[in-house]
Amino acid sequence: MSPQTGPDGRSSLSPDQAGRSVRPRLALLLPGGGARSAYQVGVLKAIASWLPAGTPLPFAILCGTSAGGILAAVLAAYASRFRVGASALERTWRSLHVDQVFDSGHRAMLTSGAQVLGSLLSGGWLVPSPRSVLDTAPLRHLLEWRVNLARIQQSLDRGWLDALVLNATSYGNGESVSFVQSARPFTTWERTGRRGLAGDIGLDHLMASAAIPFLFPPVKVEGAWFGDGAMRQVAPLSPAIHLGAERILVIGVRERGRAPGSVPGGGAPTFGQVAGFMLDTLFMESLDADLERLARINRLVGRGKQQAGGLRRVEALVLQPRGDLSAEAESHTADLPGSVRALFRVLGAGAGAGAFKSVLLFEGRYASRLMALGMADTEARREEILAFIDPRSDVSGQEQGPQSQ
């Protein structure tokens, strides 16, 4: 459940609820990115290190999609101690291997490659089309072991967190669905192609949100099939705004202003390069578009409430890599098991397919490098970020966003 809102989406919380009267309601938005989400862990680790030990999570609302949704769930479970939660994420990613995310054994890779090729060559007649390229049973086991979902409700009950939002895409009706577990009464929202639903977030929700299309299998949640939340997420900022956020910290996983998954050399792109382009676009283009829409409404709101009509001021601070995480993936391809590299070659994801590899390179050395980049980028903006999240900061005169997206 979530904070009650009126017809215009404004929060109806009283000033003293949850002790948040001293600061605007702060939300954290974690878009998807597969293995690239290690960068987000580095950003969170840096921010947590600035705050005193034992400090609760500074974000009242957590919104996550795909791998970002998994990070959000872990933070929600550790909401009483932000630094401990960030450290838990760091340890997990440093020790991560692909066989903890999908079956990377030689037999599994050979079977997967053969089934994909056989289905293409026979038109699906002799070899049926696979549900997915990869088997993510290991990821389910990892999440069951590492994420204490019962602690999320404890965080909500004790006032350390207001709401956790996990986004997934319905294969049944094509809607973007925001599953919301909250400490307060909830009013379902519906917009064209998207809706917010109340309920306790479980393992199936995590798996569904992270089910990258074609690569990971769809997941059944409450009788319907779902996939990666980034697929139909045209307004990533919307759930946080519906839940009453007045400030949103966004941690992206692609260098701002860079075109998605560009193909080097000017030749015809391979299947793997095209797939990388699509995944890069899937995870970040909707966020960039929503931020542009945010800026346009900022200017409208700045001209006066009468002209803006039903909108309110919402600040956004965006943290994105200063470097190309896809390029980093190229230099860590050798860390992958030979069976996975062989499958990549079958899929045309050889040299120049860094965008594709960066999504699936769940290896500790690559993750450590991305976390180091995230920490360095965050340290470079320390004063700006602290001013944004600090309860005593002045919220006037900042860039604002739409209230009722």
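Just so you know, these numbers come straight off a predicted model, no measurement behind them.

(A) Layout of the overall build of the protein chain. Across its full length, the protein chain holds 15 helices and ten strands. Across the 405 residues that make up the protein chain, the buried fraction comes to 56%. Across the protein chain, every contact between residues at least 6 apart in sequence was considered, and the portion connecting residues at least 24 apart equals 78%. Surface summary for the protein chain: the accessible area is close to 16800 Å², and the carbon and sulfur share equals 55%.

(B) Representation of the packing of aromatic side chains within the structure. The tally for this structure, following the rule as stated, stands at five aromatic pairs. A ring pair is formed by Phe 179 and Phe 226, whose centres lie 5.5 Å apart and whose planes are at 65°; its orientation type is edge-to-face. In this pair, Phe 179 sits in strand β4 (residues 176-182) while Phe 226 sits in strand β8 (residues 224-228), placing the two residues 47 residues apart along the sequence. Residue Phe 179 shares its accessibility class with Phe 226, and that shared class is buried. A centroid spacing of 5.9 Å and a plane angle of 55° characterise the contact between Phe 186 and Trp 189, whose relative ring orientation is tilted. Comparing Phe 186 with Trp 189 shows no difference in burial state: the two are buried. For Arg 151, the ring lying beneath its charged end belongs to Tyr 78, and the centroid distance is 4.6 Å. Positioned over the ring face of Phe 388 is Arg 247, at 5.2 Å from the centre of the ring.

(C) Molecular detail of the nonpolar core. Leu 62 and Phe 356 are the most contacted members of the largest nonpolar core, which has 87 residues in total. The next biggest cluster of nonpolar side chains, apart from the first, holds 22 residues, and it includes Ala 60, Ala 163, Val 250 and Val 318.

(D) Broad picture of the packing of helix α2 (residues 67-77) against helix α3 (residues 82-94). Packing of α2 against α3 brings their axes to within 8 Å, and their N-to-C directions diverge by 140°. Considering the angle they form, α2 stands oblique to α3. As α2 packs across α3, the resulting crossing turns out to be right-handed. Residues Leu 71, Val 74 and Leu 75 of α2 form the contact with α3, whose own contacting residues are Phe 82, Gly 85, Ala 86, Leu 89 and Trp 93. Along the lines of polarity and charge, the residues of the contact of α2 with α3 split into seven nonpolar, one polar and no charged.

(E) Just helix α15 (residues 382-389), in detail. Residues Ile 385, Phe 388 and Ile 389 constitute the buried set of α15. One face of α15 carries all of its buried residues, which in axial projection span an arc of 85°. The secondary structure elements touched by the buried residues of α15 are β1 (26-30), α1 (38-50), β9 (247-251), β10 (315-319) and α14 (364-379).

(F) Unusual backbone geometry, seen in detail. Of note in the backbone geometry, Ser 66 takes a positive phi value of approximately 60° without being a glycine. You can see Ser 66 is positioned in the loop between β2 (61-65) and α2. Even without being glycine, Phe 214 reaches a positive phi, approximately 75°. Within the element layout of this structure, Phe 214 appears in the loop between α7 (203-209) and β7 (219-221). Residue Phe 214 is classed as exposed on the basis of its relative accessible area of 67%.

(G) Examining the pattern of salt bridges more closely. One pass over the full model with this rule turns up 15 salt bridges. Between Glu 175 and Arg 195 there is a salt bridge whose closest N-O contact spans 2.8 Å. Here Glu 175 is found in the loop between β3 (163-170) and β4, whereas its partner Arg 195 is found in strand β6 (residues 194-198), with 20 residues between them in sequence. Residue classification places Glu 175 among the buried residues on the basis of a relative accessible area of 13%.

(H) Main features of the confidence of the model for the protein chain. Across the protein chain, pLDDT averages 82, with 79% of residues at or above 70. Low confidence marks residues 393-405, where pLDDT is under 50. Its contacts with residues over four positions away, or in another chain, come to 51 contacts.

(I) View of the pairing of β3. Of all eight residues in β3, eight are buried; the element is thus mostly enclosed. Burial along β3 is two-sided: Ala 163, Val 165, Asn 167 and Thr 169 facing one way and Leu 164, Leu 166, Ala 168 and Ser 170 facing the other are all buried. Sheet analysis places β2 next to β3, joined by five bridges and oriented parallel. Looking across to β3, one finds that Thr 65 is bridged to Asn 167. Here β3 runs beside β4; their pairing, made up of seven bridges, is antiparallel.

(J) Molecular detail of the pairing of β4. Of all the seven residues making up β4, seven are buried; the element is thus mostly covered by neighbouring parts of the structure. Burial along β4 is two-sided: the face carrying Ser 176, Ser 178, Val 180 and Ser 182 and the face carrying Val 177, Phe 179 and Gln 181 are both buried. Once β3 ends, the chain turns through five residues before running back antiparallel as β4, passing Gly 174 with a positive phi of about 75°.

Calculation notes
- Residues numbered from 1 in each chain as written.
- Predicted model: local features only at pLDDT ≥ 70, side-chain atom pairs only at ≥ 80, totals over all residues.
- Heavy atoms only, no water.
- Helix = DSSP H or I, 4+ residues; strand = E, 2+ residues; numbered from the N terminus.
- Buried < 20%, exposed > 50% of the residue type's maximum accessible area, 1.4 Å probe, protein only.
- Contact = heavy atoms within 4.5 Å.
- Areas by Shrake-Rupley, 256 points an atom, 1.4 Å probe, with all protein chains shown as cover.
- Phe/Tyr/Trp six-rings, centres within 6.5 Å; stacked < 30°, edge-to-face > 60°.
- Lys NZ or Arg CZ within 6 Å of the ring centre and 35° of its normal.
- Core = buried A, V, L, I, M, F, W, Y, C linked by side-chain atoms within 4.5 Å.
- Axes fitted to C-alpha atoms, helices over the stretch in contact; angles between N-to-C directions.
- Parallel < 35°, antiparallel > 145°, perpendicular 65-115°, else oblique.
- Left-handed = near helix turned anticlockwise from the far one by under 90°.
- Nonpolar A, V, L, I, M, F, W, Y, C, P; charged D, E, K, R; others polar.
- Arc of directions from axis to C-beta.
- Salt bridge = Lys/Arg side-chain N within 4 Å of Asp/Glu carboxyl O.
- pLDDT = per-residue confidence, 0-100.
- Pairing = 2+ DSSP bridges.

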